[in-house]
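Chain by chain, the residues:
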Amino acid sequence: MSLRTSPIHDLAMRRAELAPERAFQAVGILAIVLPLLLLLWLFGGALVDAWPRLGWDFLTGFPSRKAEIAGILPALAGSAWLMALTALIAIPLGLGAALYLEEYARPSRLTALIELNIGTLAGVPSILYGLLGLEIFVRVVGMGRSVLAGACTLALLLLPMVIITSREALRTVPQSLREASFALGADRWQTLRRIVLPMCLPGVLTGVILSLARAIGETAPLITIGALTYVAFLPDSVHSAFTALPIQIFNWTSRPQAAFHVNAAAGIVVLIALMLLLNGAAIWLRARLQRRVYW
Amino acid sequence: MSRESTGTGSNGGGSSDPVSTHDSRLSTLDSLNAPRALSERVIAAVLFACGMVSIFTTLGIVVVLVKESAGFFSEVSLGQFLGDTQWTPLFTDKHFGIWPLLAGTLLTTAIAVAVALPLGLLAAIYLAEFAPERARKVLKPTLEVLAGIPTVVYGYFALVYITPLLQKFVPGLAGFNALGPGIVMGVMILPVIASLSEDAIYAVPASLREAAYALGAGRLRTVFRVVLPSAFSGIGAAVILGVSRAIGETMIVAIAAGQQARLTADPRSPIETMTAYIVQISLGDTPTGTLEYRTIFAVGLALFLLTLALNAVAFRLRRRVLKGGAL
């Protein structure tokens, strides 16, 4: 029984009209609202600082030693390349792992180990993925400090989150539909491909987009694998050197001149706007998913 | 529509609830659809390989850190690493004592927890015990926003807004310091502590509260004397996970805490954390294969072991909560 519906709780609530309890409630609300207000104030400050720099020139310009004419085009292009490649790598791997764990794996020590390991990986600091990427992708595999190496690193970083959300999406497909498909003579892969995957796809995509919204702000692993901080060209292949929006923000922030801090603020506004856009897309997809009923 | 679904469900060999018994492992039809064709086996193998990628990722991290650290420890003794109190691998007079970096990490983490623990716990108690259901549904995800902000953005806030603000109140506060980034990090880990503590508090059985009310205790007394002690394991796990997050946090401290590895407990002075050191070396042009280059893997290994140990403790505490062992 839920505590909230309990009549005894109501009774306790009624006799609870006491000053200390009200004061405590007010403190509790403050503990939630104050940090949010602080964040709002910080964003307000960044937006005000960034306002004069925000414009078409900033979005389409190249970095420069003069803060007033510097732009973020290479950083935007680098982030776009990174996100597209990361999604291309993380979706099949994550969905494959989720399909294995949900549809194929039988309970065994190995399955339990994989599940435990996914939880462990989710707690590894992101900069350690950077060290992994530096050694494996940049050096051993020989990708160099390329946008591909960056995407591989970010894909591994996102994998736990993609697997977890994909498994949740797979679980929403009713077992009865699988059994109906089996009864019609389909084998397991046919059932997955024709019935299960189409139905869980919006859920999987929602999870992937939310993961990408997190990845687009990731800075530390990209610095570790050697993303450049000053790039005056656009990436033209997966082997190009690259920079990314958060790296550009970091670079401008670490300069002493206040004019570059203004650029960093403008970069932050663009980055947050992109994140909001991705989150909005995920929410829209989820809403569509909830409206669509197959069974 | 719903009648159809119940009909199909009951045909399916005893699966009365189509959602919760989706698991193919439990289905009686499972053996009928065991892989027969070769293509089925190939697909199963490919999917299995995808599942193994996560295992290989962990192995890869361990192997990379251990291998490069082994190169480091062949030149620098473990005694020096754990005994020396100076960290100066880039100077001519080289010292390789991890303590200054560890002290920097622990200092910023302690400040973050000092901010996030009281706020997070108060928020959790309010949400679980006092907030109306509708407010709870709105406030909890809103609080999560704090954890979703990119850390490079938090770093900018710490350096450009928070530190100058603090300098008005704190005499002797340097432009790079542990205090500003520590406070901002506290805001970042607040949702971790609040959300997981709230789960733990919410999970305390109603009967315990009712027993306390029946004994004449007020709500506050009940919360502090009965509910919080019962939820102690879960709250402990929440705090430990918050600490682990703060220790691994990189960009806030790399931007706003400075790059001076020094053994100090003074939050006003510039310090360097383990993560910030890795960033510092990565940004520089240290050639690969040198001792200086290998230091980042030795520091990374220390970081890995530290966070792994904390996460393992938190995992055990949480499992105890889920099993009801906390009571």
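## Let's talk about the overall build of chain B
When helices and strands are tallied, chain B shows 13 helices and zero strands. From first element to last, N terminus to C terminus, chain B shows the α and β order α-α-α-α-α-α-α-α-α-α-α-α-α. The 327 residues of chain B split such that 54% are buried. Sequence-distant contacts, at least 24 apart, represent 70% of the contacts inside chain B between residues at least 6 apart. Accessible area of chain B: about 14,100 Å², with a carbon and sulfur share of 65%.

## Some remarks on the overall build of chain A
Along chain A, the regular secondary structure elements total 12 helices and zero strands. Taken over C-alpha atoms, the radius of gyration comes to 24 Å for chain A, far larger than the 19 Å a tight globule of 295 residues would show. Once the C-alpha set of chain A is aligned to its principal axes, its extents read approximately 65 × 65 × 35 Å. When each of the 295 residues of chain A is scored for burial, the buried share is 54%. Each charge class in chain A can be summarised by its mean position, and for the 23 positive and 15 negative side chains these summaries are 3 Å apart.

## What to know about the interface of chain B and chain A
Taken together, the contact between chain B and chain A spans 102 residues of the former and 97 residues of the latter. For the pair chain B and chain A, the summed buried area comes to about 8,700 Å², and 72% of that belongs to carbon and sulfur atoms. The interface formed by chain B and chain A holds two salt bridges in total. Between E68(B) and R139(A) there is a salt bridge, with the nearest N and O atoms lying 3.8 Å from each other. At the boundary of chain B and chain A, one finds 11 residue pairs in polar contact (both at pLDDT 80 or more). Tallying contributions element by element places helix α2 (residues 38-73) of chain B first for the side of chain B that touches chain A, with 19 residues. Its residues assigned to classes, the side of chain B that touches chain A shows 62 nonpolar, 27 polar and 13 charged.

## Some remarks on the domain arrangement of chain A
Residue and element names in this part refer to chain A. The assigned domain composition of chain A is domain 1 (18-53) and domain 2 (59-291). The straight-line distance from the C-alpha centre of domain 1 to that of domain 2 is 30 Å. Between domain 1 and domain 2, the residue contacts involve six residues of the former and 11 residues of the latter. Here domain 1 meets domain 2 over a buried area of about 610 Å², counting both sides, of which 73% is carbon and sulfur. Three residues, F43, A50 and R53, lead the burial of domain 1 against domain 2; their summed loss comes to 69% of the area buried on that side. The interface formed by domain 1 and domain 2 includes zero salt bridges. Seen at the junction of domain 1 and domain 2, the total is four residue pairs in polar contact (both at pLDDT 80 or more). Grouping the amino acids of the side of domain 1 that touches domain 2 by side-chain chemistry returns four nonpolar, no polar and two charged.

## What about the domain arrangement of chain B?
Residue and element names in this part refer to chain B. According to the domain assignment, chain B contains domain 1 (38-74) and domain 2 (99-323). For domain 1 versus domain 2, the distance between C-alpha centres works out to 30 Å. Across the contact, nine residues belong to domain 1 and nine residues belong to domain 2. Of the roughly 860 Å² buried between domain 1 and domain 2, counting both surfaces, carbon and sulfur atoms make up 82%. In terms of surface lost to domain 2, no three residues of domain 1 exceed L65, E68 and F72, which account for 60% of the buried area on that side.

## A closer look at the pattern of salt bridges
Residues and elements named next belong to chain A. One pass over the structure, following the stated rule, counts 16 salt bridges over all chains. Between E102 and R171 there is a salt bridge whose closest N-O contact spans 3.0 Å. Taken together, the positions of E102 in helix α4 (residues 73-104) and R171 in helix α7 (residues 147-171) put the pair 69 residues apart, joining distant regions of the chain. Of the residues examined, E102 reaches a relative accessible area of 4% and is grouped as buried. Here E103 makes a salt bridge to R178, at a shortest N to O gap of 2.7 Å.

## A look at the nonpolar core
Residues L82(A), L222(A), Y154(B), F157(B) and I201(B) are the most contacted members of the largest nonpolar core, which totals 179 residues. Discounting chain neighbours no more than four positions away, the residues touching Y154(B) are L39(A), L146(B), I149(B), V184(B), V187(B), M188(B) and I252(B).

## Focus: the packing of aromatic side chains
Two aromatic rings are characterised by how far apart their centres lie and by the angle between their planes. In this structure the tally under the stated criterion is 17 aromatic pairs over all chains. Centroid distance F24(A) to F224(B): 5.5 Å. Interplanar angle 85°. Geometry classified as edge-to-face. You can see F24(A) sitting in helix α2 (residues 19-50) and its partner F224(B) sitting in helix α9 (residues 219-230), one on each of two chains. Judged by its relative accessible area of 11%, F24(A) is buried. Note on F224(B): relative accessible area 41%, which makes it partly exposed. Pairing F73(B) with F81(B) gives two aromatic rings, centres 5.1 Å apart and planes at 90°, and the pair type is edge-to-face.

## Re a nonpolar patch on the surface
A grouping of I29(A), L30(A), V33(A), L34(A), L37(A) and L40(A) is seen on the molecular surface, where their side chains present a nonpolar patch of about 530 Å² in accessible area. Here V33(A) falls in the partly exposed class, since its relative accessible area comes to 33%.

The rules behind these values
- Residues numbered from 1 in each chain as written.
- Chains lettered and ligands numbered in written order.
- Predicted model: local features only at pLDDT ≥ 70, side-chain atom pairs only at ≥ 80, totals over all residues.
- Heavy atoms only, no water.
- Helix = DSSP H or I, 4+ residues; strand = E, 2+ residues; numbered from the N terminus.
- Buried < 20%, exposed > 50% of the residue type's maximum accessible area, 1.4 Å probe, protein only.
- Contact = heavy atoms within 4.5 Å.
- Areas by Shrake-Rupley, 256 points an atom, 1.4 Å probe, with all protein chains shown as cover.
- Rg over C-alpha atoms; globule rule 2.2 N^0.38 Å.
- Lys, Arg positive; Asp, Glu negative; His and termini not counted.
- Charge placed at Lys NZ, Arg CZ, Asp CG, Glu CD.
- Buried area = accessible area lost by both parts, 1.4 Å probe.
- Salt bridge = Lys/Arg side-chain N within 4 Å of Asp/Glu carboxyl O.
- Polar contact = N/O pair within 3.5 Å; in protein donor to acceptor, adjacent residues only side chain to side chain.
- Nonpolar A, V, L, I, M, F, W, Y, C, P; charged D, E, K, R; others polar.
- Domains from an automatic or database assignment.
- Core = buried A, V, L, I, M, F, W, Y, C linked by side-chain atoms within 4.5 Å.
- Phe/Tyr/Trp six-rings, centres within 6.5 Å; stacked < 30°, edge-to-face > 60°.
- Patch = residues over 30% accessible without salt bridge, like charges linked within 9 Å, V, L, I, M, F, W, Y side chains within 5 Å.

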